[in-house]
Amino acid sequence: MPEGDSVWRAAHQLHKALAGQTLTASDFRVPRFATLNLAGWTVEEVIPRGKHLLMRVAGPDQQKLTIHSHLKMEGTWQVYPPGGRWRKPGFTARCVLRTAAADAVGFSLGIVEVVRTADEATIVGHLGPDLLGPDWDPAEAEQRMRAAPEVPIGVALLDQRNLAGIGNIYRCEACFLSGVHPASPVSAVADLLTLMTDAKQLLEANLGPGRRVTILNPRGMPVGRMAGRPGYWVYRREHQPCLKCGTPIRRGVLGKPNGEEERDIYFCPKCQPVLA
């Protein structure tokens, strides 16, 4: 599942390439929208909403539609010069949008659908405040998480209904920075605000080019991009020494309360005791 920073970068790349451009062709390779033709429509903007991409287009009659996509596990959007050769197999393309200036191709997208822009709330209205969006409201996000005090904090952070944009990497790293084991219940985490602030800072630090890192200096600048330096505090560092105390990092699994979607967690058993 992509992290919010990946979706933010994809949206900004698409917006830069397509905004203000008129579509010369569209090709939706999903049965429900296979016959939809948006040639002649103008791309107004492309925005991220948590892990969702919303591409708003306007027709010649000023009708407005939104092309909604979600990358899920393997999806990606790529931009090419007109007629450029694709870097991924053609059979994985789910949406192709062409303008005089660029071709945008969505490969292996988990969701592709088109809705009236006025109806966007039906697809993203359930999301909590977006850590990278103008609607970010930490008090609202905390209230949503506190409403289910028995849920493990590592599960609550991934629940996009609480706050939008955190994936497995950032939940592991933010929990480490707060000294909280991901399996600890929300009720045991006294300072949710700091934990969310750390996650937001890590996301914002990775909006530019280069590999994703979560080790920042006191000024909030990434230092893990230096050659030979670890990129993460705990994520995928099982058996390696904790960068704070030297204890070997451990890996576990943590799932939703209803048993769905177990995901790996990484933590330092010394720096992150399970809170009761």
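This text follows the structure it describes.
What you see is a predicted model, and the numbers here were worked out from it, not measured in a lab. (Residues numbered from 1 in each chain as written. Predicted model: local features only at pLDDT ≥ 70, side-chain atom pairs only at ≥ 80, totals over all residues. Heavy atoms only, no water.)

Student: Please clarify how unusual backbone geometry should be interpreted in this entry.
Tutor: Glycine aside, negative phi is the norm for most residues, and most peptide bonds take the trans geometry. The backbone of Lys-72 sits at a positive phi, close to 50°, despite the residue not being glycine. Positive phi values are uncommon outside glycine, yet His-239 reaches one of about 75°. Note on placement: His-239 falls in the loop between helix H6 (192–205) and strand S9 (250–254). A relative accessible area of 64% means that His-239 is categorised as exposed. (Helix = DSSP H or I, 4+ residues; strand = E, 2+ residues; numbered from the N terminus. Buried < 20%, exposed > 50% of the residue type's maximum accessible area, 1.4 Å probe, protein only.)

Student: Got a minute to help me understand the layout of surface pockets in this structure?
Tutor: Take a probe with the size of a water molecule and roll it over the atoms, and the empty space left behind shows itself. What the second largest pocket holds in volume is close to 210 Å³. Looking at the second largest pocket, it is lined by 16 residues, and the ones nearest its centre are Ile-47, Pro-48, Arg-49, Gly-133 and Pro-134. Breaking the lining of the second largest pocket down by element, the ones donating at least two residues are helix H1 (4–18), strand S2 (42–49) and strand S3 (52–58). Among the elements that make up the lining of the second largest pocket, the one with the highest residue count is S2 (4 residues). Partitioning the lining of the second largest pocket into residue classes produces 8 nonpolar, 3 polar and 5 charged. (1 Å grid on protein atoms, 1.4 Å probe; cavity = no way out; pocket = protein on both sides within 12 Å on 5 of 7 lines; lining within 4 Å. Points joined across faces, edges and corners; volume = space filled by probe spheres on them. Nonpolar A, V, L, I, M, F, W, Y, C, P; charged D, E, K, R; others polar.)

Student: Please clarify how the pattern of salt bridges should be interpreted in this entry.
Tutor: Any two side chains of opposite charge can pair, on the condition that their charged atoms come close. Evaluation of the coordinates by the stated rule reveals 15 salt bridges. For Asp-135, the salt bridge identified is with Arg-49, shortest N-O distance 3.4 Å. With Asp-135 in the loop between helix H2 (121–124) and helix H3 (138–146) and Arg-49 in strand S2, this pair connects stretches of sequence that are 86 residues apart. Overall, the relative accessible area of 18% leaves Arg-49 in the buried class. With a shortest N-O distance of 3.3 Å, Arg-146 and Glu-142 are connected by a salt bridge. Placement of both Arg-146 and Glu-142 in helix H3 is noted, with a separation of 4 residues, approximately one turn of the helix. Arg-146 gets classed as partly exposed once you look at its relative accessible area, which sits at 29%. Relative accessible area serves as the criterion here: at 24%, Glu-142 is assigned to the partly exposed category. Among the ionic contacts, a cluster of salt bridges with common partners joins Asp-5, Arg-9 and Arg-212. (Salt bridge = Lys/Arg side-chain N within 4 Å of Asp/Glu carboxyl O.)

Student: Could you clarify how one ought to interpret the packing of H3 against H6 in this entry?
Tutor: Look at H3 against H6: their axes get within 10 Å of each other, and the N-to-C directions meet at 120°. On the basis of the axis angle, H3 is oblique to H6. Regarding H3 and H6, the two cross each other, and that crossing is right-handed. Each of Pro-138, Ala-141, Glu-142, Met-145 and Arg-146 in H3 lies in contact with H6, whose residues at this interface are Leu-192, Leu-193 and Met-196. Its residues placed into classes, the contact of H3 with H6 shows 6 nonpolar, no polar and 2 charged. (Axes fitted to C-alpha atoms, helices over the stretch in contact; angles between N-to-C directions. Parallel < 35°, antiparallel > 145°, perpendicular 65-115°, else oblique. Left-handed = near helix turned anticlockwise from the far one by under 90°. Contact = heavy atoms within 4.5 Å.)

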